[in-house]
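Close look at the chain arrangement
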Amino acid sequence: MKASKLLNIIRQNLKDYPIDYLKNKAVDDRYRDPLVKKLAKYNSSVYDEIYEADIEDDFEIKDKIIKNIQSDIGFYFDRYAPGDEETREFTKYISLYLVLIAKKPLHPFSENSRDDVYFFNGDYYCKGRARYIHDKKSLCRYCICKNVSFSGMF
């Protein structure tokens, strides 16, 4: 499938998602967990990016990779959040965009190497990737992040 076609499918499937709820969650004082706020901010900015994106040099994406990612997200939600269809669908399409089109991490990142996911010298790094990549149906297998060496974890 062409990346431009996948981007259109993603846009079509996300158009009715209540993104204002997620954007408000990022600034709402009732949500005290900084990780929840950071994830809400990141995902809502990715949502906006999806609708602003243009693919200048279209490229082919293997259908099997798309199906594998969708299946692995389905596995995760069946196991940890059964019945949460809205979040499942949102996560599926945001993840497809990040992994296959934007080539960005699935998690929020910064340029601070003390954070779990960070950008340094043109590459993304994740401190948890080496630990989680071998989990059954782990999305880490698709993520652009590189593993952090043991010395880089401290």
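Note that the structure is a prediction, hence the values are computed from the model and not measured.

**Here's the deal with the pattern of salt bridges**
Under the definition given, this model contains 11 salt bridges. We note a salt bridge from Lys23 to Asp48, for which the minimum N-O separation is 2.9 Å. One end of the pair, Lys23, is in helix 2 (residues 19-25); the other, Asp48, is in helix 3 (residues 34-52), and 25 residues separate them in sequence. The class for Lys23 is partly exposed, based on a relative accessible area of 30%. Under the relative-accessibility criterion, Asp48 is labelled partly exposed at 28%.

**Some points on unusual backbone geometry**
With the exception of glycine, the majority of residues adopt a negative phi angle, and the majority of peptide bonds are in the trans configuration. With a phi angle near 55°, Lys103 is a residue other than glycine that sits in the positive phi range. Residue placement: Lys103 occurs in the loop between helix 5 (85-102) and strand 1 (117-120).

**Focus: the nonpolar core**
Counting residues in hydrophobic clusters, the biggest one holds 37 residues, and the most contacted among them are Ile10 and Tyr97. Breaking this core down by element, the ones donating at least two residues are helix 1 (3-14), helix 2, helix 3, helix 4 (63-80), helix 5 and strand 2 (123-126). Those residues in contact with Ile10 that sit more than four places away from it in its chain are Ile50, Tyr93, Leu96, Tyr97 and Ile101.

**Here we look at the layout of surface pockets**
When its volume is computed, the largest pocket comes out at roughly 1400 Å³. Residue lining of the largest pocket: 43 residues in total, with Leu39, Tyr76, Leu106, His107 and Leu139 positioned closest to the centre. For the lining of the largest pocket, the elements supplying multiple residues, two or more each, are helix 2, helix 3, helix 4, helix 5 and helix 6 (129-132). Each residue belonging to the lining of the largest pocket can be placed in one class, and the counts come to 25 nonpolar, seven polar and 11 charged.

**Re the environment of Lys38**
The topology assignment puts Lys38 in helix 3. Filtering out sequence-adjacent residues up to four positions away, Lys38 remains in contact with Pro108 and Asp115.

**Topic: the packing of helix 1 against helix 5**
The angle between the axes and the distance between the axes are what describe a pair of packed helices. Their axes nearest at 10 Å, the elements helix 1 and helix 5 cross at an angle of 155°. Regarding the angle of helix 1 to helix 5, the classification is roughly antiparallel. When the axes of helix 1 and helix 5 are compared, the crossing they make is left-handed. Counted together, Ala3, Leu6, Leu7, Ile9, Ile10, Asn13 and Leu14 of helix 1 and Phe90, Tyr93, Ile94, Leu96, Tyr97, Leu100 and Ile101 of helix 5 form the full contact between these two elements. Residues that form the contact of helix 1 with helix 5 fall into these classes: 13 nonpolar, one polar and no charged.

**What about the sheet that holds strand 2?**
Taken in spatial order, the three strands make up an open sheet running 1-2-3, and their pairing is mixed. Each edge of the open sheet is held by one strand with a lone partner, namely strand 1 and strand 3 (146-147).

**Structural notes on a negative patch on the surface**
A surface patch of like charges, here negative, comprises Asp54, Glu56, Asp57, Asp58, Glu60 and Asp63. One can find Asp63 in helix 4. Using a relative accessible area of 40% as the deciding quantity, one classes Asp63 as partly exposed.

**Looking at helix 3**
In this model, helix 3 (19 residues) spans 27 Å end to end at C-alpha, consistent with the 27 Å of a helix rising 1.5 Å per residue. All of the buried residues in helix 3 are Lys37, Ala40, Tyr42, Asn43, Ser44, Val46, Tyr47 and Ile50. Looking at the packing, one finds that the buried side of helix 3 touches helix 1, helix 2 and helix 5. Where helix 3 starts, the residue carrying a side-chain oxygen 2.9 Å from the main-chain nitrogen of Leu35 turns out to be Asp33.

What counts as what
Residues numbered from 1 in each chain as written. Predicted model: local features only at pLDDT ≥ 70, side-chain atom pairs only at ≥ 80, totals over all residues. Heavy atoms only, no water. Salt bridge = Lys/Arg side-chain N within 4 Å of Asp/Glu carboxyl O. Helix = DSSP H or I, 4+ residues; strand = E, 2+ residues; numbered from the N terminus. Buried < 20%, exposed > 50% of the residue type's maximum accessible area, 1.4 Å probe, protein only. Core = buried A, V, L, I, M, F, W, Y, C linked by side-chain atoms within 4.5 Å. Contact = heavy atoms within 4.5 Å. 1 Å grid on protein atoms, 1.4 Å probe; cavity = no way out; pocket = protein on both sides within 12 Å on 5 of 7 lines; lining within 4 Å. Points joined across faces, edges and corners; volume = space filled by probe spheres on them. Nonpolar A, V, L, I, M, F, W, Y, C, P; charged D, E, K, R; others polar. Axes fitted to C-alpha atoms, helices over the stretch in contact; angles between N-to-C directions. Parallel < 35°, antiparallel > 145°, perpendicular 65-115°, else oblique. Left-handed = near helix turned anticlockwise from the far one by under 90°. Pairing = 2+ DSSP bridges. Patch = residues over 30% accessible without salt bridge, like charges linked within 9 Å, V, L, I, M, F, W, Y side chains within 5 Å. Areas by Shrake-Rupley, 256 points an atom, 1.4 Å probe, with all protein chains shown as cover. Lys, Arg positive; Asp, Glu negative; His and termini not counted. Charge placed at Lys NZ, Arg CZ, Asp CG, Glu CD. Expected span 1.5 Å × (residues − 1). Polar contact = N/O pair within 3.5 Å; in protein donor to acceptor, adjacent residues only side chain to side chain.

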